[in-house]
Every structure is written in C-alpha cells, then in structure tokens.
Amino acid sequence: MRNSWRFRLKLFGHAGVMVEGRPVNLGSNKAMAILAYLALRKTPVLRSTLAALLWPESDWYRARRSLREELSLLRRLVPAETLVVQDQSVALDHTASVDVWNFTQAIAEGAYERATMLYAGELLEGVYVRNAGGFETWLEGERDHLRNQYVEALLVLCEKSVQAGDLGAALAYNQQIIAANPYLEGPYLRSMQWASQIGETAVALDVYHQLQSVMKREFGIPPSPAAVSLAKAIAAQGIWPLAATAHENASAVPAGAQRHLGPDAGERGPRAAGRKP
C-alpha cells in the first residue's frame with residue numbers, strides 16, 4: 001500500500017526517519033545525507049553524482065561501491081517503494097512524507113503560520129558528513145535558503161500582527177527571527193520598540209543586552225548608536241514612535257558582518273517576495 005504515512009522523513013532540526021509510525025535508526029550520516037539530497041532535489045539523481053558528492057576522495061570504483069552499500073542499507077530499513085533505484089539513478093518516491101516538502105508547500109500557499117511551525121530548526125542540524133566538502137557546501141546553501149524562507153514568513157506574520165494592533169504577537173514572531181539569525185541588528189531594535197510599547201521594559205532591555213553580547217562576541221564592536229540611544233530612552237521610560245511596518249530598520253548590519261550571513265540574509269519580507277507591504 002503506497003501511503004505517505006508509511007515513510008516519514010524529518011530533516012528540520014534533529015533529523016530522523018519513521019516507518020509506519022516507528023522511529024528507524026539509520027546508523028549512518030551518509031545514509032541520511034542521501035535521503036536529504038534526494039528529498040531536496042525531488043528528481044532522480046545520477047548514482048555518479050551521489051558517489052562524487054559523498055566520497056570525493058575515493059576513486060570511481062570505491063565510491064560506487066560505498067554508495068551501493070549505503071543504498072543497500074536504506075533498502076533494508078525503509079519501505080520498498082520509498083527509494084526508486086535504477087541502474088544509473090536514485091530518487092525518493094513522491095508518496096513519502098517529508099517535512100521540508102510540507103514547509104515549502106505551506107510557503108507557496110501563503111500558510112505562513114503552518115510553515116513556521118514546520119520549521120523545527122536548521123536543515124540536518126548537527127549532521128556532519130566527513131570528507132564530503134561538496135555535500136557540506138550544498139547543505140549550507142540549502143540551510144541558508146530555507147532559513148531565509150522561514151524568516152520571510154515570520155516577517156509577514158509580524159507585519160500582519162502590527163496591522164492588527166497585536167504587538168505581543170508581533171514581538172513573539174520577531175523573537176523567532178532573532179533566534180534564527182542573531183547577526184542582524186534590525187530585529188533587535190523592533191523587539192525593543194514593541195516590548196517597550198506594551199510596557200515590557202525589562203524585556204526590551206534584555207533584548208538590548210542580547211544584542212550587546214552578540215556584537216561583542218561575533219564582531220568585537222558595540223551596538224550601533226541607534227540601538228544605544230533606543231536602549232537609553234527605554235531605560236529612562238522615554239516614548240518612542242512605533243515603526244509604521246514590521247520591516248523598518250531591518251537590515252542594519254555592522255561592517256564586516258556580512259561574512260557571517262547567508263547570501264540572501266538581511267531585509268526580507270512581502271516586498272522581497274513580490275508582494276506589496
């Protein structure tokens with residue numbers, strides 16, 4: 001019976017496999033890497049591509065043999081229909097249930113709340129494949145892309161909350177943005193403003209102290225003058241105007257900090273996705 005519930009693949013956060021509702025221990029990071037690569041590609045992948053990606057330091061014969069061993073392991077552990085293994089290619093059957101597929105579908109449908117709930121952490125969090133630099137480079141690119149989609153969804157939810165006058169909800173979404181990418185100053189400023197506006201002065205100043213710590217640890221510099229001034233005003237119970245939208249001042253990044261960010265990091269929201277704010 002070809003049902004998606006038979007095989008579930010979790011790639012966000014702590015990766016895992018479930019077969020008919022029971023967790024399965026693959027016992028191999030490369031086996032998980034193969035599943036992840038097939039899931040993200042969504043189309044048949046040449047065996048030679050997988051071999052070169054995961055065993056770049058081996059000769060052709062040894063790399064192909066290692067791939068056969070990993071595929072044999074997977075075929076013993078997952079339902080027969082899950083892996084479509086051909087002489088020259090391998091694919092993940094579309095009947096599988098994959099959290100990344102569900103996430104990207106939710107984004108495409110504009111179901112941003114559902115999308116943010118599906119994002120349980122970085123792609124393959126904590127998974128490291130030894131001696132596979134090409135795979136690690138690919139993985140970092142996919143992590144950046146999915147993280148940016150997640151942050152964009154949160155920005156949309158922030159803006160909707162601001163427009164509805166629910167600054168508490170906007171603050172909660174914005175804190176998730178900070179957790180996902182702590183190296184942008186703009187989200188800290190928004191949290192400080194919104195927390196102050198709803199009377200959470202201690203929370204606002206705590207956010208500022210988090211910003212101080214990150215700037216010192218990662219870049220060896222203090223927060224920007226704008227952040228310092230805002231913190232002083234909040235501490236003195238000053239009244240600061242609420243930003244008109246959730247996206248103002250979102251991309252204040254210290255000089256030199258860009259090397260810590262993904263290629264699309266920074267201000268992302270409805271405008272970046274082709275929607276008007």
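Structure's up top.
Turning our eyes to something else, we now look at the packing of helix α4 (residues 99-109) against helix α6 (residues 133-163). Closest axis-to-axis distance for the α4/α6 pair is 11 Å, and the angle between their directions is 40°. Classified by the angle between their axes, α4 and α6 sit oblique to one another. Along this stretch, α4 crosses α6, giving a crossing that reads as left-handed. Mapping the contact onto sequence places V100, F103, T104 and I107 in α4 and L146, Q149, Y150 and A153 in α6. Grouping the constituent residues of the contact of α4 with α6 by class yields six nonpolar, two polar and no charged.

The subject of this paragraph is the pairing of strand β2 (residues 16-19). With burial as the criterion, only one face of β2 is covered, namely that bearing V17 and V19; the residues G16 and M18 on the opposite face remain uncovered. Pairing analysis gives four bridges linking strand β1 (residues 7-10) to β2, with the strands arranged antiparallel. Note that in β2 the partner of F7 across the bridge is V19. Two successive antiparallel strands, β1 and β2, enclose a turn made up of five residues, where G13 displays a positive phi of approximately 70°.

In this section: the environment of F219. Summarising the element assignment, F219 is placed in helix α9 (residues 201-219). When the C-alpha positions of F219 and Y183 are compared, they lie 9.4 Å apart, and in sequence the two are 36 residues distant.

With 13 residues, helix α1 (residues 29-41) ought to run about 18 Å at 1.5 Å a step, and its terminal C-alpha atoms sit 18 Å apart, in line with that. Buried within α1 are the following residues: K30, A31, M32, A33, I34, L35, A36, Y37, L38 and A39. If you check the start of α1, you find a side-chain oxygen 3.3 Å away from the backbone N of K30, and it comes from S28. Downstream of α1 by one or two residues, K42 has phi in the positive range, about 65°.

Where helix α2 (residues 47-54) contacts helix α3 (residues 60-77), the axes come no closer than 9 Å and their chain directions differ by 100°. As judged from the angle between their axes, α2 and α3 are roughly perpendicular. When α2 is examined against α3, the residues R47, S48, L50 and A51 are found in contact with a partner set consisting of A63, R64, L67, R68 and L71.

Calculation notes
- Residues numbered from 1 in each chain as written.
- Predicted model: local features only at pLDDT ≥ 70, side-chain atom pairs only at ≥ 80, totals over all residues.
- Heavy atoms only, no water.
- Axes fitted to C-alpha atoms, helices over the stretch in contact; angles between N-to-C directions.
- Helix = DSSP H or I, 4+ residues; strand = E, 2+ residues; numbered from the N terminus.
- Parallel < 35°, antiparallel > 145°, perpendicular 65-115°, else oblique.
- Left-handed = near helix turned anticlockwise from the far one by under 90°.
- Contact = heavy atoms within 4.5 Å.
- Nonpolar A, V, L, I, M, F, W, Y, C, P; charged D, E, K, R; others polar.
- Buried < 20%, exposed > 50% of the residue type's maximum accessible area, 1.4 Å probe, protein only.
- Pairing = 2+ DSSP bridges.
- Expected span 1.5 Å × (residues − 1).
- Polar contact = N/O pair within 3.5 Å; in protein donor to acceptor, adjacent residues only side chain to side chain.

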